[in-house]
Amino acid sequence: MAYRAEDDYDYLFKVVLIGDSGVGKSNLLSRFTRNEFSLESKSTIGVEFATRSIRVDDKVVKAQIWDTAGQERYRAITSAYYRGAVGALVVYDVTRHVTFENVERWLKELRDHTDANIVIMLVGNKADLRHLRAVSVEDAKGFAERESTFFMETSALESMNVESAFTEVLTQIYRVVSKKALDIGDDPAAPPRGQTINVGGKDDVSAVKKSGCCSS
Amino acid sequence: MKPKSLPFIAFEHKRDAYGFAVRPQHLQRYKEYAGIYKEEEEERSDRWKNFLERQPESPGQDAGDSAKGGGSESLHGKTAAGPRKIEIWTPVRPSLSNIEQLMSLRVEKKQSFADKHQAKDGAHPVKVEEGKFSEDSDEEFYDVDKVDPSQEMHSGDTGNADVGKRSQEENYISKEELECLVHGGLPMALRGELWQAFVGTGARRVEGYYDSLAEGDPENIKCLDSSTSEGVHEKWIGQIEKDLPRTFPGHPALDEDGRNALRRLLIAYAKHNPSVGYCQAMNFFAGLLLLLMPEENAFWTLVGIIDDYFDGYFSEEMIESQVS
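The rules we used
- Residues numbered from 1 in each chain as written.
- Chains lettered and ligands numbered in written order.
- Predicted model: local features only at pLDDT ≥ 70, side-chain atom pairs only at ≥ 80, totals over all residues.
- Heavy atoms only, no water.
- Helix = DSSP H or I, 4+ residues; strand = E, 2+ residues; numbered from the N terminus.
- Buried < 20%, exposed > 50% of the residue type's maximum accessible area, 1.4 Å probe, protein only.
- Contact = heavy atoms within 4.5 Å.
- Areas by Shrake-Rupley, 256 points an atom, 1.4 Å probe, with all protein chains shown as cover.
- Buried area = accessible area lost by both parts, 1.4 Å probe.
- Salt bridge = Lys/Arg side-chain N within 4 Å of Asp/Glu carboxyl O.
- Polar contact = N/O pair within 3.5 Å; in protein donor to acceptor, adjacent residues only side chain to side chain.
- Nonpolar A, V, L, I, M, F, W, Y, C, P; charged D, E, K, R; others polar.
- Pairing = 2+ DSSP bridges.
- Phe/Tyr/Trp six-rings, centres within 6.5 Å; stacked < 30°, edge-to-face > 60°.
- 1 Å grid on protein atoms, 1.4 Å probe; cavity = no way out; pocket = protein on both sides within 12 Å on 5 of 7 lines; lining within 4 Å.
- Points joined across faces, edges and corners; volume = space filled by probe spheres on them.
- Core = buried A, V, L, I, M, F, W, Y, C linked by side-chain atoms within 4.5 Å.
- pLDDT = per-residue confidence, 0-100.

### With respect to the overall build of chain B
Logical step 1: Assigned secondary structure in chain B consists of 14 helices and zero strands.
Logical step 2: If you list the helices and strands of chain B from N to C, you get α-α-α-α-α-α-α-α-α-α-α-α-α-α.
Logical step 3: Residues classed as buried in chain B amount to 48% of the 324 residues present.
Logical step 4: Put simply, of all contacts in chain B between residues at least 6 apart along the chain, 76% involve residues at least 24 apart.
Logical step 5: By element, 51% of the accessible surface of chain B is carried by carbon and sulfur atoms, the whole surface being about 16100 Å².

Right, here's the structure in full:
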């Protein structure tokens, strides 16, 4: 097949962006999906999402990224949106230590509502504000190691590491999924039979294409 | 009510009628349709004008007479950017009083309920109480002419004679016509006042209440409600401060004065209803109301929207907002 439709993809992965209010989740999303950044952004209410496809090996991986409201009470509703997520970026603001302290609670929230195989990356955003730094790279790295998550510092403003952070998460998910597919002796590109290849395990939102991503 | 009185029309179509910037990719299309928007707006204005001219102005509402005619200009003059203190309460135009009364019945019921508790509560006659009514507002709207107002009142509640008197006044508003007009959209010049009439802002208002909430040091919120911890209030204020610049960023009305008004409004609401406090999204409600009406009117309208229409949606548990 030489021809490939623009929105064609091999894998669809649901990824959530969580973290305290004002750490820059929405700007990370807009930087990754539209290459846009706005100093005058608006508060996110509930959940918004955007998509972008990238290539991993010879496969097209489409990321469906869910951006959530940061205010604490919204966790009551945003946790419902974690369902089926196979990746997460837990974001804090390197200039506000309290947002780093709260990462622990965000991780707990995430692990309570998602599959154990979820790929998590700790993201320290606003790394461009060097003179205002309140969280050291070492502290964050140490924390990430203890929690077995990936870690990266980013700047949505300077477009630093944003691409790498998302790509890394998506690639890791791809590895997990294709390894799982190998384990059960299945071809990831083949239409799934009774069993859905899905690291989320809870529903079909993130899965190999044509496994009914819209059925739930 | 002429479209030329629209506050932001002078921005030459780079902004819409509310003053929001039109995205560059939509600007061309927006210009193409500007003539049609204007025409439609004129038609809407004429339809509403015609409707309101047929409404009898009820006696006892002459407090609003001064707003007649020049009312819309005086209201919208205040929405323009510029120096501003707390805007004083402005009643809706008299021709809307019938709609306001019709919609106020549900408010007055609740108010009289609250009055009963006033002896216990003392400080704030309208302060949100537990166990309040939860009837569906639509139902009430449509039932309002079928039920006997005296039965609507709660047993033992004879204190508010004004409720009965006002309810017994005949309302000759054709609901079909009103519904049809609403579906056709509200003209910009009337929108703020119509929202107030529908929410029953006038009936909700307690004189001096907003001023007492809005003035003073925001850090003193904790004095008003000892049951909630200090930290919670700091959290509200912190979140409000975060959201002020993130509410309609770039909008000309949200200059320093506009943001100060928004801050006062949100903090006042948090004090008024500590069980809700401040929840993200209220900033957009409040900001939009401030574009359309004076600050105190915006407060009472916000109270109506959050306490009644979205009761339970913005509370700490957000129980009504949850998806199963």
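### Observations concerning the overall build of chain A
Logical step 1: Of regular secondary structure, chain A possesses six helices and seven strands.
Logical step 2: The helix and strand sequence of chain A, counted from the amino end, reads β-α-β-β-α-β-α-α-β-α-β-α-β.
Logical step 3: By residue count, 54% of the 216 residues in chain A fall in the buried class.
Logical step 4: Relative to all contacts within chain A whose residues are 6 or more apart in sequence, the contacts with residues 24 or more apart total 70%.
Logical step 5: A total accessible area of about 10000 Å² is found for chain A, and carbon and sulfur atoms account for 49% of it.

### Thoughts on the interface of chain B and chain A
Logical step 1: Counting from both sides, the interface comprises 25 residues of chain B and, opposite them, 20 residues of chain A.
Logical step 2: Of the roughly 1700 Å² buried where chain B meets chain A, counting both sides, 51% is carbon and sulfur surface.
Logical step 3: In this structure, the salt-bridge partner of Lys235 of chain B is Glu72 of chain A, at a minimum N-O distance of 3.4 Å.
Logical step 4: At the junction of chain B and chain A, the tally comes to 14 residue pairs in polar contact (both at pLDDT 80 or more).
Logical step 5: Elements represented by at least two residues in the side of chain B that touches chain A include exactly helix H11 (230–243) and helix H13 (282–292) of chain B.
Logical step 6: Partitioned by chemical class, the residues of the side of chain B that touches chain A number eleven nonpolar, eight polar and six charged.

### Concerning the pairing of strand E2 (residues 47–56) of chain A
Residue and element names in this part refer to chain A.
Logical step 1: Pairing geometry for E2 and strand E3 (residues 59–68), over ten bridges, is antiparallel. Looking across to E3, one finds that Phe49 is bridged to Trp66.
Logical step 2: Between E2 and E3, which pair antiparallel one after the other, the connecting turn spans two residues, and Asp57 there sits at a positive phi close to 55 degrees.

### Focus: the pairing of strand E1 (residues 11–19) of chain A
All names here are of chain A.
Logical step 1: Buried residues dominate E1, accounting for nine of its nine residues.
Logical step 2: Residues Tyr11, Phe13, Val15, Leu17 and Gly19 line one face of E1 and the alternating positions Leu12, Lys14, Val16 and Ile18 line the opposite face, and both faces are buried.
Logical step 3: When E1 meets E3, the two strands line up parallel, connected through seven bridges. Residue pairing across strands places Val15 opposite Ile65, the latter belonging to E3.
Logical step 4: Looking at chain direction, E1 and strand E4 (residues 87–93) are connected through five bridges and run parallel. Looking at E4, one finds that Ile18 is bridged to Val90.

### A closer look at the side chain of Asp93 of chain A
All names here are of chain A.
Logical step 1: Here Asp93 lies in strand E4.
Logical step 2: Of the polar contacts made by the side chain of Asp93, one reaches the side chain of Lys126; its length is 3.2 Å.
Logical step 3: For Asp93, the contacting residues outside a window of four places in its chain are Gly22, Val23, Thr99, Asn125, Lys126 and Val135.

### Here's the deal with the pattern of salt bridges
Residue and element names in this part refer to chain B.
Logical step 1: Tallied over the entire structure, the rule returns 21 salt bridges over all chains.
Logical step 2: Among the salt bridges present, the one from Arg93 reaches Glu193, with a minimum N-O distance of 2.6 Å. Residue Arg93 is found in the loop between helix H2 (71–77) and helix H3 (97–121), and its partner Glu193 is found in helix H8 (residues 188–199); the two are separated by 100 residues along the sequence. In this pair, the class of Arg93 matches that of Glu193, namely buried.

### Looking at the packing of aromatic side chains
Residues and elements named next belong to chain B.
Logical step 1: Overall, the coordinates contain 21 aromatic pairs over all chains when judged by the stated rule.
Logical step 2: Measuring from ring centre to ring centre gives 4.8 Å for Tyr210 and Phe299, while their planes differ by 40 degrees; the resulting arrangement is tilted. One end of the pair, Tyr210, is in helix H10 (residues 209–214); the other, Phe299, is in helix H14 (residues 295–309), and 89 residues separate them in sequence. Each member of the pair, Tyr210 as well as Phe299, is classed as buried.
Logical step 3: Arranged with centres 6.1 Å apart and planes meeting at 80 degrees, the rings of Phe285 and Phe314 form a pair that is edge-to-face.

### Observations concerning the layout of surface pockets
Logical step 1: In this structure, the largest pocket encloses a volume near 950 Å³.
Logical step 2: Lining the largest pocket are 28 residues, and of these Ser38, Glu40, Ser41 and Lys42 of chain A together with Arg23 of chain B lie nearest its centre.
Logical step 3: Those elements that provide at least two residues to the lining of the largest pocket are helix H1 (25–34) and E2 of chain A together with helix H1 (24–53) of chain B.
Logical step 4: Here the lining of the largest pocket gets five residues from one element, more than from any other, and that element is H1 of chain A.
Logical step 5: Residue composition of the lining of the largest pocket, grouped by class: eleven nonpolar, nine polar and eight charged.

### Section: the nonpolar core
Logical step 1: Tyr74 of chain A together with Leu265, Tyr269, Met282, Phe299, Ile306 and Phe314 of chain B are the most contacted members of the largest nonpolar core, which has 46 residues in total.
Logical step 2: At the level of elements, H8, H10, H11, helix H12 (256–272), H13 and H14 of chain B are the ones that each hand at least two residues to this core.
Logical step 3: Excluding anything up to four places from it in sequence, Tyr269 of chain B contacts Val276, Gly277, Met282, Phe299, Leu302, Val303, Ile306 and Asp307 of chain B.
Logical step 4: Ranked by size, the runner-up nonpolar core spans 30 residues in total, among them Phe13, Leu28, Val91 and Ala165 of chain A.

### Points about H1 of chain A
Turn by turn, an α-helix covers 3.6 residues, leaving residues three or four places apart pointing in a common direction.
Residues and elements named next belong to chain A.
Logical step 1: Most of H1 sits out of view: eight of its ten residues are buried.
Logical step 2: Of the positions making up H1, those classed as buried are Lys25, Asn27, Leu28, Leu29, Ser30, Arg31, Phe32 and Thr33.
Logical step 3: Where H1 ends, the next residue or the one after it, Asn35, has phi of about 55 degrees, a positive value.

### Remarks on the confidence of the model for chain A
Residues and elements named next belong to chain A.
Logical step 1: Across chain A, the average pLDDT comes to 86, with 81% of residues at 70 or higher.
Logical step 2: The low-confidence segment residues 190–197, where pLDDT is below 50, has 14 contacts with residues more than four positions distant or belonging to other chains.
Logical step 3: Low pLDDT, under 50, characterises residues 200–204; the predicted model gives this stretch 17 contacts beyond four residues in sequence or across chains.

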